[in-house]
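Survey of secondary and tertiary structure
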Amino acid sequence: MYQLTGKRILLGVTGGIAAYKAAILLRQLRQHGAEVRVVMTHNACEFITPLTMQALSGKLVHTKLLDLETESAMSHIELARWPDLVLIAPSSANFIARYSNGFAEDLLSTLCLATSSPVMLAPAMNQQMWQNPVTQENLKKLRTRGIIIIGPAKGDQACGENGLGRMLEPEEVLTLAAKSFETNILSGSRLLITAGPTREAIDPVRYISNHSSGRMGYAVAMAGIEAGAEVSLISGPVNLSAPSRAKLINVISTAEMHFAVMQEVSSTDIFISTAAVADYSLQNIAYKKIKKSSDTYELSLKKNPDILAEVAALDSPPFTVGFAAETENLELNAQAKLRSKRLDMIAANQVGQGLGFDSEMNALTVFWGTGKKQMQKASKTRLARILITLIADRYNEKNINKTH
Ligand code: C5P
């Protein structure tokens, strides 16, 4: 079975008798590790109550475009940025018509316009409505825009007719939703990723570190696995569970991270350095707890090895990707690092204002050679997936050029 652990799924429910299947689907998505937020149209609420969906999702259900209560918890634009996948099941003929024509008169259609996440629809309707050329034209429009349409299935319908139009069963929707995360664009490649902070000991009880949560690196590792790569994850101390298919190497200090990277790098095709590596460590670590005595205390620090720069300077380096967390002059500083460290690519992010370190959301600008791609504020899982796609494109292009 494909994994959904940590995936954020916005489940849209539209009006139709198959709405009851959405409740089963919601339970199954959560059982497989997904975080689910539910948006229901007005008609959906006639078939199944928001209370049922609220109890099953453990989250406030969104039903109105401008609702004071839900807007204050999460605005509709925040909601559009939140998911890794928008899954609309069941999707009625009416919703398909509205969506394909760009209407934004209710919350669900507005979200579909405002989101940059992939959208998957599981249609459910009477077989005549399905066959109607207008519905088929609407679906064609959506397909050409990259919307994934799953089903419908053939069989007995609630209206007493028989034919194409039944929503796929929840298990089938679940499998297809999970499968949509598996891209295989890096199939057969070996990825080495560093993540989290490093800690530099001062004495047996104290250390210097930073606010990195490791979320970005762990999301990149997961996206790498979903892209079909073999992933080794070298992680500083974090409170996250590693993707089960990654080889996890835990480290504490920069020296340990440096050692682990150098051990692994020769069997690596792509190195992604997301770790917030401490730039300095103690000149001398006290072997006993330092006692408080004078009013001021000075620590003497020495510069740590720059792991990323060292990897990029190897005789035959892997495709090397760095990260740059900046509080000012984002582009200038990132471009300077790309060149000085001789990287293939750098992902830069502004730190602060709820973004970057210790946050679930991020916004990245990626630079390479003469290229640049700006990624708007989104979940780290979503950004990681876009980043892995960019890396795969550049990596494959570089390999093709090498062989010609
Ligand atoms: O120079 P700066 O620390 O801003 O560069 C950030 C990038 O370099 C990140 O990708 C980080 O993982 C990496 N780095 C490293 N070793 C260090 C410092 C940073 O690999 N000692």
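All values reported here derive from a predicted model rather than from experimental measurement. (Residues numbered from 1 in each chain as written. Predicted model: local features only at pLDDT ≥ 70, side-chain atom pairs only at ≥ 80, totals over all residues. Heavy atoms only, no water.)

**Concerning the sheet that holds strand β4 (residues 119-123)**
- In space, the five strands of this open sheet follow the order β2-β1-β3-β4-β5, with parallel pairing throughout. What marks the edges here is a single partner per strand, and that holds for β2 (35-40) and β5 (148-149).
- Taken together, the four bridges between strand β3 (residues 85-91) and β4 define a ladder with parallel strand orientation. Along β4, the bridge assignment pairs Ile88 with Leu121.
- Each of β3 and β4 touches helix α6 (residues 93-100); the most contacted strand, β4, lies at about 150° to it. (Pairing = 2+ DSSP bridges. Helix = DSSP H or I, 4+ residues; strand = E, 2+ residues; numbered from the N terminus. Contact = heavy atoms within 4.5 Å. Axes fitted to C-alpha atoms, helices over the stretch in contact; angles between N-to-C directions.)

**A closer look at unusual backbone geometry**
- Note that the residue after Ala89, namely Pro90, is joined by a cis bond; omega there is 0°.
- Mapped onto the elements, Pro90 comes out in strand β3.
- The omega angle of the peptide bond from Gly151 to Pro152 is 0°, so this bond is cis rather than trans.
- One can find Pro152 in the loop between β5 and β6 (153-156).
- Of note, the phi angle at Asn329 is positive, near 45°, even though the residue is not glycine.
- Considering the arrangement of structural elements, one finds Asn329 in the loop between β16 (319-326) and α14 (330-340).
- Positive phi values are uncommon outside glycine, yet Arg342 reaches one of about 55°.
- Tracing the chain through its elements places Arg342 in the loop between α14 and β17 (345-350).

**Some words on the nonpolar core**
- Leu186, Leu191 and Ile272 are the most contacted members of the largest nonpolar core, which has 36 residues in total.
- Considering every element that reaches this core, the biggest residue donor is helix α15 (residues 380-403), with eight residues.
- The residues contacting Leu186, other than those within four sequence positions of it, are Leu191, Ala227, Gly228, Ala229, Ile270, Ile388, Ala392 and Tyr395.
- Counting 33 residues, the second-largest nonpolar core is a separate cluster that includes Met40, Val61, Leu85 and Ala178. (Core = buried A, V, L, I, M, F, W, Y, C linked by side-chain atoms within 4.5 Å. Buried < 20%, exposed > 50% of the residue type's maximum accessible area, 1.4 Å probe, protein only.)

**Quick notes on the site of the ligand**
- Lining the immediate surroundings of the ligand are Ser273, Ala275, Val277, Asp279, Pro305, Asp306, Ile307, Leu308, Gly322, Phe323, Lys337 and Lys341.
- A distance of 3.1 Å separates a nitrogen atom of the ligand from a polar atom in the backbone of Ile307.
- Within the side chain of Lys337, an N or O atom sits 2.4 Å from an oxygen atom of the ligand.
- Looking at the shell around the ligand, the elements with two or more residues in it are α13 (307-312) and β16.
- A breakdown of the residues in the shell around the ligand according to their chemical character gives six nonpolar, two polar and four charged. (Near = heavy atom within 4 Å. Polar contact = N/O pair within 3.5 Å; in protein donor to acceptor, adjacent residues only side chain to side chain. Nonpolar A, V, L, I, M, F, W, Y, C, P; charged D, E, K, R; others polar.)

**Some remarks on the packing of aromatic side chains**
- Throughout the structure, instances matching the rule amount to two aromatic pairs.
- For the ring pair Phe95 and Tyr99, a centre distance of 5.7 Å and an interplane angle of 35° mean the geometry is tilted. Pair noted here: Phe95 and Tyr99 are both in helix α6, with a separation of four residues, about one helical turn. Like Phe95, the residue Tyr99 is buried in the burial classification.
- For the ring pair Phe319 and Tyr395, a centre distance of 6.0 Å and an interplane angle of 80° mean the geometry is edge-to-face. (Phe/Tyr/Trp six-rings, centres within 6.5 Å; stacked < 30°, edge-to-face > 60°.)

**Focus: the domain arrangement of the protein**
- In terms of domain boundaries, the protein breaks down into domain 1 (8-179) and domain 2 (190-402).
- Placing a centre on the C-alpha atoms of domain 1 and another on those of domain 2 gives a separation of 37 Å.
- Across the boundary between the two partners, domain 1 contributes nine residues, which contact seven residues of domain 2.
- In total, domain 1 and domain 2 occlude about 680 Å² of area from one another, counting both sides; carbon and sulfur atoms represent 39% of this. (Domains from an automatic or database assignment. Buried area = accessible area lost by both parts, 1.4 Å probe.)

**Re a nonpolar patch on the surface**
- Judged by side-chain polarity, Ile17, Tyr20, Ile24 and Phe47 come together as a nonpolar surface patch covering roughly 410 Å² of accessible area.
- As for its position among the elements, Phe47 is in helix α2 (residues 44-47). (Patch = residues over 30% accessible without salt bridge, like charges linked within 9 Å, V, L, I, M, F, W, Y side chains within 5 Å. Areas by Shrake-Rupley, 256 points an atom, 1.4 Å probe, with all protein chains shown as cover. Salt bridge = Lys/Arg side-chain N within 4 Å of Asp/Glu carboxyl O.)

**Notes on the pattern of salt bridges**
- With the rule as written, the count across this model stands at 18 salt bridges.
- Notably, a salt bridge pairs Glu182 with Arg245, separated by 3.5 Å at the nearest N-O pair. A residue pair is termed long-range when its members are at least 10 positions apart, and Glu182 in the loop between α10 (170-179) and β8 (190-195) and Arg245 in the loop between β11 (230-235) and β12 (247-250) qualify at 63 residues.
- The exposure class of Glu182 is buried, given its relative accessible area of 19%.
- Taking the relative accessible area as the measure of exposure, Arg245 reaches 44% and is therefore partly exposed.
- Lys372 serves as the salt-bridge partner of Glu331, at 3.0 Å between the closest nitrogen and oxygen. With Glu331 in helix α14 and Lys372 in strand β19 (residues 371-379), this residue pair connects regions lying 41 residues apart in the sequence.

**A few points about the sheet that holds β11**
- Taking strand neighbours across the sheet as the criterion, the eight strands line up as β12-β11-β8-β13-β16-β17-β18-β19 in an open arrangement whose pairing is mixed. Among the strands making up the open sheet, the edge pair consists of β12 and β19. For this sheet, the mean inter-axis angle between neighbouring strands, taken without regard to orientation, is 15°.
- Helix α11 (residues 215-226) rests against β8, β11, β12, β13 (270-273), β16 and β18 (361-368) of the sheet, and its axis sits at about 170° to β11.

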